[in-house]
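# Structural description and commentary
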Amino acid sequence: MKKVLAILLSAAMILSLAACGGGTTVQSAESAAAETPVTEAAKEEAAPAAAEEAAPAAEAPAKESKGVYAIITKSAGNPYNEREASGFEAAITGAGYEAIIKHPAEITAEAQITLINELVAQGIDGIAIAANDFDALETSLKAAMDAGIHCICLDSSCNPASREVFINQAGVKEVGQCLVDATYDLTGGEGQWAILSATSVATNQNAWIDAMKEILKDDKYSKMELVEVAYGDDEQQKSVDETKALLQNYPDLKLINAPTTVGIAAASKVIQDEGLCGKVIVTGLGLPSEMAEFMEGENPACPYMFLWNPIDVGAVAGYTLMAMVNDGFDGGQVGASFTAADGKTYTVSQADDGGTQIIVGPPFKFDSSNIADWKTVY
Ligand code: RAM
């Protein structure tokens, strides 16, 4: 029943959700993976065909498919990562395969390397990883690819040599533009503001921050003063502490922009608890289910924010790995495409880092008019 409601809600809101930068988008933020039934035909297509299994050994692929796929998120305890993993799991199990979900205890490359090595030892078919560092995973991911395991990134990329393709939630410049425009709008285009990020080496946050800094060079933003980029490491307490330090160090601070769902929720809580709503504004990238309490009411800590559907990001990673293993889809080839069980066609494009990517969709704006509806969806 909840799912039916969610689908109806989604359909009703498709027309009212405005993509950042103006214009109306028709992309559904509903979870394709969780809500779209996988057809029998799609299952048959994706499942290892009996005929193939019976094929003579000479024609067998170099590495026999086990039908096992893993996702490694950035860290445990972050609901965004759990949504992402649930989308991946639904895509993989919906096609009749086995999904392994790994949330590292620490938000570090080291913790992820241990998990990659374990998965290589198991000899699975594919790994999708939200990288905690751009370069540090290279040795272990290359070893995985050498062992015949397809490796892709989602959410946060590793370097091009360590991956076949990056499942990018939204265009990097587009996200940067949304965040800068929100800061401009909410501060009246002038005054001190700060960024509260995740870890200092988080590839996705750093890419968005770099894009923001580039956009800020435009004269239009010359009266906006970015005083600091603080790092809350996607940990609630550290993000709270960093927010308090920003408030103490910059008494004239007008806005905190947190391009992380953990950071934006922590900063909003501090602003709300300390009675600073309206004085210091919070915006950034937030999960509706975590942010609703800070966005509703007369004078909210966070008037509006952006995100995409993390469930979809996980699902597209799952679809991509299965297309690679079962259909020879080449994620490293710009222009290559495949049609997934959700009926959508995904196309490879050039990523800013020289590698390749598949962009899932544009960022969406959430505010007091729609947050109540979305908080139950993800
Ligand atoms: C946090 C994580 C994740 C990022 C979102 C916006 O949950 O850092 O990687 O994509 O925020």
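You'll find the structure just up there.
Residues numbered from 1 in each chain as written. Predicted model: local features only at pLDDT ≥ 70, side-chain atom pairs only at ≥ 80, totals over all residues.

## Some thoughts on the overall build of the chain
- Looking only at helices and strands, one finds 14 helices and 15 strands in the chain.
- Taking all 378 residues of the chain together, the buried fraction comes to 51%.
- Taking all contacts inside the chain whose residues are at least 6 apart in sequence as the whole, residues at least 24 apart take part in 73%. (Helix = DSSP H or I, 4+ residues; strand = E, 2+ residues; numbered from the N terminus. Buried ≥ 20, exposed ≤ 12 C-beta atoms within 10 Å, placed from the backbone. Contact = placed C-beta atoms within 7 Å.)

## Some words on the packing of helix α5 (residues 79–94) against helix α13 (residues 310–327)
- Packing of α5 against α13 brings their axes to within 6 Å, and their N-to-C directions diverge by 40°. The orientation of α5 with respect to α13, classified from their angle, is oblique. The handedness of the crossing between α5 and α13 comes out as right-handed. Counting all contacts with α5, which are made through Y80, R83, E84, A85, S86, G87, F88, A90, A91 and I92, the residues of α13 involved are P310, I311, D312, V313, G314, A315, A317, G318 and Y319.
- Broken down by class, the residue content of the contact of α5 with α13 amounts to 12 nonpolar, 4 polar and 3 charged. (Axes fitted to C-alpha atoms, helices over the stretch in contact; angles between N-to-C directions. Parallel < 35°, antiparallel > 145°, perpendicular 65-115°, else oblique. Left-handed = near helix turned anticlockwise from the far one by under 90°. Nonpolar A, V, L, I, M, F, W, Y, C, P; charged D, E, K, R; others polar.)

## Things to note about the site of the ligand
- The full set close to the ligand counts 14 residues, and Y80, A198, T260, T261 and L285 are the nearest of them.
- The class makeup of the residues in the shell around the ligand is 6 nonpolar, 5 polar and 3 charged.
- Here the shell around the ligand spans two domains, and each of domain 1 (23–170 + 310–361) and domain 2 (172–307) adds at least three residues to it. (Near = placed C-beta within 6 Å. Domains from an automatic or database assignment.)

## Quick notes on helix α8 (residues 172–187)
- Between its first and last C-alpha, α8 extends 23 Å over 16 residues, near the 22 Å set by a 1.5 Å rise per residue.
- In the core, the buried residues of α8 are packed alongside β6 (191–197), α9 (203–215), β7 (224–231), β8 (255–258), β9 (281–284) and β10 (304–307).
- Of the residues one or two after α8, G188 is the one with positive phi, at around 75°. (Expected span 1.5 Å × (residues − 1).)

## Structural notes on unusual backbone geometry
- With a phi close to 70°, D155 is a non-glycine residue in the positive phi region.
- Position of D155 relative to the elements: it lies in the loop between β4 (150–154) and β5 (166–168).
- Of note, D234 is a non-glycine position whose phi angle comes to about 55°, a positive value.
- By the secondary structure assignment, D234 is in the loop between β7 and α10 (236–249).

## Examining the packing of α8 against α9
- Close contact between α8 and α9 brings their axes to 8 Å; oriented N to C, the two are set at 65°. Once α8 is placed against α9, the crossing between them reads as right-handed. Along the contact surface, α8 presents V172, K173, V175, G176, Q177, L179 and V180, while α9 presents A207, W208, A211, M212 and I215.
- Tallied by class, residues from the contact of α8 with α9 come to 9 nonpolar, 2 polar and 1 charged.

From the geometry alone we can't say anything about function, so treat these as descriptive.
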